[in-house]
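# Topology and contacts: notes
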Amino acid sequence: MKQVMRLFFAVAVLTGLTSCNSNDDYGTQAIEIPGITIDGDIDCCSAEEALQVYKFLQTVKIVPELQTEIDGKYNVFGYTTTGDFHNGYNEIFFVATKKSTGNYIKNFDITGITPLMHMVKMDMYHSTPVGPDAASFNDGYLAVKRTWVSFLMNTSEAGSWTLSYDALVLGKTGGIEKKDIVVNALPDGQAWLKSFKVGDATYFLSLVNPLDFKTGTNTITAYVSKKSEKATVPYALASETFTIDIDPRMPDMGNHTSPGNTPLVKQADGSYAGTINLTMTGLWRIHLTVKDSDGNIVAGGEELSTLYWDVTI
């Protein structure tokens with residue numbers, strides 16, 4: 001008979017997972033953790049790995065439209081930070097489980113992520129920037145695969161989105177095909193995805209997780225994607241190398257800037273990273289100047305560049 005590990009958390013730990021007032025007296029609680037079993041299942045995580053997955057999944061929310069069943073034996077689930085999608089950069093996390101045990105599976109692949117927007121008036125379709133195939137993002141989360149999609153537009157009367165992906169779980173194939181999804185608009189005044197042209201090519205600048213910014217010095221990360229020749233093919237990372245100078249200003253405060261900012265430069269994983277200093281809360285307009293590998297300005301470059309991201313902290 002399969003044994004299920006039960007982990008015991010003191011009330012001090014539980015207060016991090018549930019809200020309670022100071023008069024609540026929970027004592028010690030027994031919590032059954034999904035995905036943790038002792039049954040010698042070599043296809044799945046160890047108890048320690050499964051516990052890490054369980055803890056991580058408490059920080060994200062499931063996206064029901066991304067769930068699918070494969071071969072009657074496996075489930076695949078998709079998650080985002082909020083449980084939905086919005087304009088600009090969205091991280092997507094995938095987990096696969098065995099239906100019979102609920103165990104998390106380490107060896108699975110998510111590929112072919114294809115978002116498509118149907119533009120109603122023109123009756124045409126286009127895709128949007130996407131990340132590489134989903135992959136484990138550190139050694140502690142081998143059973144969580146991560147990738148991203150950066151949506152050009154929100155869902156509206158003008159157009160609607162679908163999303164497809166392929167899944168391979170322990171040799172069995174599946175996935176979802178053109179599943180309807182909703183992409184929400186950002187709050188007024190926010191802009192986290194911008195484009196520029198070099199010759200006939202169109203590039204997109206996706207700002208990563210700007211809601212994580214705090215006052216003071218922050219790492220600022222972005223991706224540069226290149227529009228595909230065929231509009232319905234997802235826009236992959238640009239192979240060209242750029243440097244992105246940043247000039248953060250506060251338009252509501254006389255356009256004052258801040259010291260200690262460094263350009264975004266290309267990293268080994270294809271992202272771009274630099275340093276931004278945000279000295280106070282409020283709306284920041286991050287003016288951008290894009291330079292090619294020879295140092296030539298190819299986009300932006302004005303004193304207050306018309307190429308910018310807007311972020312409120």
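Residues numbered from 1 in each chain as written. Predicted model: local features only at pLDDT ≥ 70, side-chain atom pairs only at ≥ 80, totals over all residues. Heavy atoms only, no water.

When you go through the protein residue by residue, the secondary structure sums to 2 helices and 23 strands. In the protein, which comprises 313 residues, the proportion classed as buried is 44%. Restricting to contacts in the protein with at least 6 residues of sequence separation, those with at least 24 account for 59%. Total accessible area on the protein is roughly 15600 Å²; 50% of this is exposed by carbon and sulfur atoms. (Helix = DSSP H or I, 4+ residues; strand = E, 2+ residues; numbered from the N terminus. Buried < 20%, exposed > 50% of the residue type's maximum accessible area, 1.4 Å probe, protein only. Contact = heavy atoms within 4.5 Å. Areas by Shrake-Rupley, 256 points an atom, 1.4 Å probe, with all protein chains shown as cover.)

Moving on, we get to the pattern of salt bridges. Counting across every chain of the model gives 9 salt bridges. Between Glu69 and Lys99 there is a salt bridge, with the nearest N and O atoms lying 3.2 Å from each other. One end of the pair, Glu69, is in strand E4 (residues 68-70); the other, Lys99, is in the loop between strand E7 (88-98) and strand E8 (108-119), with 30 residues separating them in the sequence. By relative accessible area, Lys99 is classed as partly exposed at 39%. Residue Lys172 pairs with Asp71 through a salt bridge whose shortest N-O separation is 3.9 Å. Here the residue Lys172 occupies a position in strand E13 (residues 172-181), and Asp71 occupies one in the loop between E4 and strand E5 (74-80), the gap between them amounting to 101 residues. By relative accessible area, Lys172 is classed as partly exposed at 33%. (Salt bridge = Lys/Arg side-chain N within 4 Å of Asp/Glu carboxyl O.)

Take the side chain of Ser228 next. Examined against the element boundaries, Ser228 turns out to sit in the loop between strand E17 (216-226) and strand E18 (243-249). Under the relative-accessibility criterion, Ser228 is labelled buried at 18%. When near neighbours in sequence (up to four residues on either side) are disregarded, Ser228 contacts Val233, Pro234 and Tyr235.

Turning our eyes to something else, we now look at unusual backbone geometry. A positive phi is found at Lys178, a non-glycine position, where the angle reads about 50°. Looking at where Lys178 falls in the secondary structure, it is placed in strand E13. One non-glycine residue, Asn255, lies in the positive phi region at around 60°. Structurally, Asn255 can be placed in the loop between E18 and strand E19 (262-266). Residue Asn255 is classed as partly exposed on the basis of its relative accessible area, which comes to 27%.

What the 4 strands build is an open sheet, ordered E9-E8-E12-E13; its pairing is antiparallel. Sheet topology places strand E9 (124-126) and E13 at the edges, where each strand pairs with a single neighbour. Each strand of the sheet is rotated relative to its neighbour by a mean of 20°, with strand direction disregarded. (Pairing = 2+ DSSP bridges. Axes fitted to C-alpha atoms, helices over the stretch in contact; angles between N-to-C directions.)

This part covers the environment of Gly159. Looking at the secondary structure, you find Gly159 in strand E12 (residues 159-169). With 40 residues separating them in the primary sequence, Gly159 and Met119 have C-alpha atoms 4.5 Å apart. Residues contacting Gly159, with those up to four places away along its chain left out, are Met117, His118, Met119, Val120 and Asn154.

A word on the confidence of the model for the protein. For the protein, the mean per-residue pLDDT works out to 89, and 87% of the residues sit at or above 70. Under a pLDDT of 50 for its full length, residues 1-31 has, in the predicted model, 34 contacts with residues more than four places off or in other chains. (pLDDT = per-residue confidence, 0-100.)

The next point concerns the pairing of E8. Walk down a regular strand and you will see the side chains alternate between the two sheet faces. Two strands pair when backbone bridges link them, and E8 and E12 are joined in this way by 10 bridges, in the antiparallel orientation. From the neighbouring strand, Leu116 faces E12, where its bridge partner is Thr162. Bridge count for E8 against E9 is 3 bridges, and the pairing is antiparallel. Opposite Met119, over in E9, you have Met124 as the bridge partner. Linking E8 to E9, which pair antiparallel, is a turn of 4 residues; within it Asp123 sits at a positive phi near 50°.

The subject of this paragraph is the environment of Gly78. Of note, Gly78 is situated in strand E5. Filtering out sequence-adjacent residues up to four positions away, Gly78 remains in contact with Lys61, Ile62, Val63, Leu66, Phe93 and Phe94.

One pass over the structure, following the stated rule, counts 13 aromatic pairs. For the ring pair Phe56 and Phe93, a centre distance of 5.0 Å and an interplane angle of 70° mean the geometry is edge-to-face. On the criterion of sequence distance, the pair formed by Phe56 in helix H2 (residues 47-57) and Phe93 in strand E7 is long-range, its members being 37 residues apart. Between Phe196 and Phe242, the aromatic rings sit 5.7 Å apart at their centres with planes inclined by 90°, giving edge-to-face as the arrangement. Of this pair, Phe196 sits in strand E15 (residues 193-198) while Phe242 sits in the loop between E17 and E18, placing them 46 residues apart in sequence. Pairwise contacts between aromatic rings join Phe56, Phe93 and Phe137 into one cluster. Of note, Lys145 hangs over the ring of Phe108, and the distance from its end group to the ring centre comes to 5.2 Å. The ring of Tyr308 carries the charged tip of Arg285 above its face, separated from the ring centre by 4.1 Å. (Phe/Tyr/Trp six-rings, centres within 6.5 Å; stacked < 30°, edge-to-face > 60°. Lys NZ or Arg CZ within 6 Å of the ring centre and 35° of its normal.)

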